[in-house]
Amino acid sequence: MVLLVPFDGSALSKAALTRAMEFADYRDEDITALSVIPDDAAYAREHGWLDADEAFTVEAVADRMREQAESVAPAASFRYEVPEDVSSMASTTTNITRTIREVAHEEEASIVFIGSENAGRVSTPVCSVGSPVSEDPEYDVHIVRHP
């Protein structure tokens, strides 16, 4: 079993990774930090993954996410995925959510740690992966709301 932490470099994802480290010691489980990186330069810039003048490659963003995750949790494994665009009707958030759920099953996650500022404010925020990821009964979910 593994503790899975969707990681985007935000303060909340770093806090979620820190909390997962605390749980890992208690539960004697491994941690996987997962960055889901859409193949979209505008999305990467919007999320602060690249400066306006930097060239975009998924690998460059993944390297940056790996460095940030390792600075928080050196013992954690790092994995990145590019979400498939399986439907022209699906939003980027939907594609990211689907990818997180798929990886949670592949990794046999016992707990998914999600950093979400929206948790508890609205029942299903439009832009959050927290609600759809938490619907899966195969794993527990730990939502981190404070960095």
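The rules we used
- Residues numbered from 1 in each chain as written.
- Predicted model: local features only at pLDDT ≥ 70, side-chain atom pairs only at ≥ 80, totals over all residues.
- Heavy atoms only, no water.
- Helix = DSSP H or I, 4+ residues; strand = E, 2+ residues; numbered from the N terminus.
- Buried < 20%, exposed > 50% of the residue type's maximum accessible area, 1.4 Å probe, protein only.
- Contact = heavy atoms within 4.5 Å.
- Areas by Shrake-Rupley, 256 points an atom, 1.4 Å probe, with all protein chains shown as cover.
- pLDDT = per-residue confidence, 0-100.

Caption draft 1: Spatial organisation of the overall build of the chain. When you go through the chain residue by residue, the secondary structure sums to 5 helices and 5 strands. When the elements of the chain are put in sequence order from the N terminus, they spell out β-α-β-α-α-β-α-β-α-β. Across the 147 residues of the chain, 44% fall into the buried class. Relative to all contacts within the chain whose residues are 6 or more apart in sequence, the contacts with residues 24 or more apart total 70%. Carbon and sulfur atoms make up 46% of the accessible area of the chain, which amounts to about 8,000 Å² in all.

Caption draft 2: Structural view of the confidence of the model for the chain. Taken over all residues, the pLDDT of the chain has a mean of 86, while the share at 70 or more is 86%. For the chain, helix α5 (residues 130–134) is the element with the lowest average pLDDT, namely 61, and strand β3 (residues 77–81) is the one with the highest, namely 98. Predicted confidence is poor over residues 119–127, with pLDDT under 50, and the contacts of this stretch with residues over four places away or in other chains come to 9 contacts.

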